[in-house]
Amino acid sequence: MEKITVSSQPIEGQKPGTSGLRKKTKVFMGPHYLENFVQAIWNGIGGAAGKTFVLGGDGRYFNERAAQVILRMAAASGAAKVIVGKNAVLSTPAASHLIRKRATDGGIIMSASHNPGGIDEDFGVKFNMANGGPAPEDVTDRMFEATKTLTSYDILETQDIDLSAVGTTRVAGMDVEVVDPVEDYVALMEELFDFDKIRALFATGFKMKFDAMHAVTGPYAHEIFERRLGAPVGSVLNGVPLPDFGGRHPDPNPIWAKPLVDLVMGADAPDFAAASDGDGDRNMILGRGVYVTPSDSLAVLAANAHLAPGYAGGLAGVARSMPTSRAVDRVAEAMGLDCFETPTGWKFFGNLLDAGRATLCGEESAGTGSDHVREKDGVWAVLLWLNILADTGKSVATLLSDHWMTYGRNYYSRHDYEAVDAARASDMIDALRGKLIDLPGQKFAAGIVESADEFAYDDPVDNSRSERQGIRITFEDGSRIVFRLSGTGTVGATLRVYLEAYENNSDKLHAKAEDALSDIIASADQIAGIKAYTGRTAPDVKT
Ligand code: G1P
Ligand code: ZN
């Protein structure tokens, strides 16, 4: 085993986005690409020497090869120890938990989340801090700066390290501890939720289907839902993780998890269904005959979380990303809780959670989580729903319609225009930005614009400011349109248009979202010229 220094040169475009660095797998496999970025991570965090890290990924193509490189680079840079999930696998929330539980200096998560996997698809690398949460912008900026000046990286020349069995080996002075990826996570879930009560629910014949989408949650779901909670074998669908996720997008939404949606809308519908994404941090919640939007899910969870033992003491506050619907705001108001509005991306919740100012957080993009880790958590959200269903004895549909009766309904939809020409998309946003000052008072299909601005966030904990976080247009009746460009796409630009309308007339709570939103949808195009700029007549994905 010999430590070598390989000379390299800066590679363009290694700027971490909403959630780490994501690129095509072949880009990551290119000469020095991964190595440069890992060296930049070490440089960005002040070196790896003497530190302990967690390492794991969602099992996608290149996961284990990348893990071997990262381990050899950690050893060469003097890290004391790396705790690795068996076969280099850890769900993102499980990695966050391990980072915290073992009081490490942070961790590296290999994933491109809900993006497809495979040699022609996507890969990603993200650094999480000692609190278990994604590195904040000042740290990712330092990493990016390091990628621009890098001239070499350190790596150990050695055989592959065996990651297939639990135990500790020593590699050039560094401990590599291979752990069961599921065990610690399950123990945490048992602390937070009433497993006896959920088990009793399943014992009544309650039927659930959980679609693991051939991604990382398969082993977690088999262990928790089937083995510990007694759901019948077969309750977990697509539970075998595959490097290409079976060739599909491991994204739990009505488009990519359509078979599950069809199931709950059909004659043989289970009582409850859910899905999670590539790395296990997203969730989709369904009941017999009903799809729960992520924004509504956050609101229902906020209103009922106290029914689960881990939250029996109540919530310190709630937080949502700016484009997420304002359904949770109504719950917070009724319960007298603080409600924070943050930019898109889980990293912005970290400070609020660390400071004890929020307990529950969520994003419209199928992300919900709490202060138990510093990532969103798919299986956790499913368990909280199960705990609430078991406690109230209500069906998902009843729970949701009771919620709307109490708080009103925030109709909501997101329209995505994918792989749009990047220059045209940014021209569109620039043009919108230029119009903001004139929009208030103007009339569109959805009514008169009350306010229009570009969202900037002043973090109440560390006082940092994040600008240009999306354009918000609010109408006099409380409807809202948000425009922003994705920070996770890998091809061209993805334009996201978030549409929301509030309704509290009890006779109008059960319309189709697209119908209830039709005027808002028309207004979005009138205001931004989506068709003219993108050349698209319809969105690629509606969620
Ligand atoms: C998307 C979602 C965002 C989420 C992120 C990582 O980011 O919109 O809510 O935090 O993926 O899962 P975007 O592509 O919009 O920048
Ligand atoms: Zn994810």
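Calculation notes
Residues numbered from 1 in each chain as written. Chains lettered and ligands numbered in written order. Predicted model: local features only at pLDDT ≥ 70, side-chain atom pairs only at ≥ 80, totals over all residues. Heavy atoms only, no water. Helix = DSSP H or I, 4+ residues; strand = E, 2+ residues; numbered from the N terminus. Contact = heavy atoms within 4.5 Å. Phe/Tyr/Trp six-rings, centres within 6.5 Å; stacked < 30°, edge-to-face > 60°. Buried < 20%, exposed > 50% of the residue type's maximum accessible area, 1.4 Å probe, protein only. Lys NZ or Arg CZ within 6 Å of the ring centre and 35° of its normal. Donors = N, O, S within 2.8 Å, 3.2 Å for Na, K, Ca; no water. Tetrahedral: all angles 85-135°; square planar, octahedral: opposite > 155°, others 65-115°. Near = heavy atom within 4 Å. Polar contact = N/O pair within 3.5 Å; in protein donor to acceptor, adjacent residues only side chain to side chain. Areas by Shrake-Rupley, 256 points an atom, 1.4 Å probe, with all protein chains shown as cover. Nonpolar A, V, L, I, M, F, W, Y, C, P; charged D, E, K, R; others polar. Expected span 1.5 Å × (residues − 1). Pairing = 2+ DSSP bridges. Axes fitted to C-alpha atoms, helices over the stretch in contact; angles between N-to-C directions.

Draft legend 1. The arrangement of the environment of Ile 448 in detail. Within the secondary structure layout, Ile 448 lies in strand β21 (residues 447-454). Between the alpha carbons of Ile 448 and Gly 167 there is a distance of 64 Å; along the sequence they are 281 residues apart. With residues up to four places along the chain from it excluded, the contact list for Ile 448 reads Gly 441, Gln 442, Lys 443, Phe 475 and Glu 476.

Draft legend 2. Broad picture of the packing of aromatic side chains. Considering all chains together, one arrives at 12 aromatic pairs under this definition. Measuring from centroid to centroid gives 5.2 Å for Trp 42 and Phe 53, while their planes differ by 20°, and the two rings are stacked. On the criterion of sequence distance, the pair formed by Trp 42 in helix α2 (residues 33-44) and Phe 53 in strand β3 (residues 52-57) is long-range, its members being 11 residues apart. According to the relative accessible area criterion, Phe 53 is buried, its value standing at 2%. Where Phe 62 meets Phe 123, the ring centres are 5.1 Å apart and the plane angle is 65°; that geometry is what we call edge-to-face. Taken together, the residues Phe 62 in the loop between β3 and α3 (63-76) and Phe 123 in strand β6 (residues 122-128) connect sequence positions 61 residues apart. You can call Phe 62 buried: its relative accessible area is 14%. What makes Phe 123 buried here is its relative accessible area of 0%. By way of ring pairs, the aromatic residues Phe 28, Tyr 33, Phe 62 and Phe 123 are connected into one cluster. The cationic tip of Arg 330 hangs over the ring face of Tyr 502; the distance from NZ or CZ to the ring centre is 3.3 Å.

Draft legend 3. Geometry of unusual backbone geometry. Phi is positive for His 32, which is not a glycine, with a value near 65°. Residue placement: His 32 occurs in the loop between α1 (25-29) and α2. His 32 gets classed as partly exposed once you look at its relative accessible area, which sits at 28%.

Draft legend 4. Just the coordination of the zinc ion (ligand 2), in detail. Around the zinc ion (ligand 2), the protein contributes the donor atoms Ser 113 (OG), Asp 277 (OD), Asp 279 (OD) and Asp 281 (OD), at 2.0 to 2.1 Å from the metal centre. The coordination sphere of the zinc ion (ligand 2) comprises four donor atoms, whose angles at the metal cover 87 to 158°; the geometry is irregular. Sequence spacing of the donor residues for the zinc ion (ligand 2), all on one chain, is S-x163-D-x1-D-x1-D. Both residues of the pair, Asp 277 and Asp 281, belong to the buried class.

Draft legend 5. Examining the site of ligand 1 more closely. For ligand 1, the set of nearby residues contains 14 residues, the closest of which are Ser 365, Ser 486, Gly 487, Thr 488 and Arg 496. In the environment of ligand 1, an oxygen atom lies 2.6 Å from a nitrogen or oxygen atom belonging to the side chain of Glu 363. Measuring from an oxygen atom of ligand 1, one finds a side-chain N or O atom of Ser 365 at 2.6 Å. Bound to the protein, ligand 1 loses 99% of the 380 Å² it would expose on its own. Along the lines of polarity and charge, the residues of the shell around ligand 1 split into no nonpolar, seven polar and seven charged.

Draft legend 6. The arrangement of α3 in detail. Under the 1.5 Å per step criterion, the end-to-end length of α3 is 20 Å for 14 residues, consistent within 8% with the ideal 20 Å. Along α3, the residues that are buried comprise Asn 63, Ala 66, Ala 67, Gln 68, Val 69, Ile 70, Leu 71, Arg 72, Met 73, Ala 74, Ala 75 and Ala 76. Just past α3, the residue Gly 78 takes up positive phi, approximately 85°.

Draft legend 7. Looking closely at the sheet that holds strand β2 (residues 21-24). Strand order in this open sheet of seven strands is β2-β6-β5-β3-β4-β9-β8, and the pairing throughout is mixed. Pairing within the sheet leaves two strands with one partner each, and these edge strands are β2 and β8 (167-171). Sheet twist, expressed as the mean angle between neighbouring strand axes with direction ignored, is 20°. In this sheet, strand β5 (residues 107-110) lies alongside β3 in parallel orientation, the contact comprising four bridges. Along β5, the bridge assignment pairs Gly 57 with Met 110.

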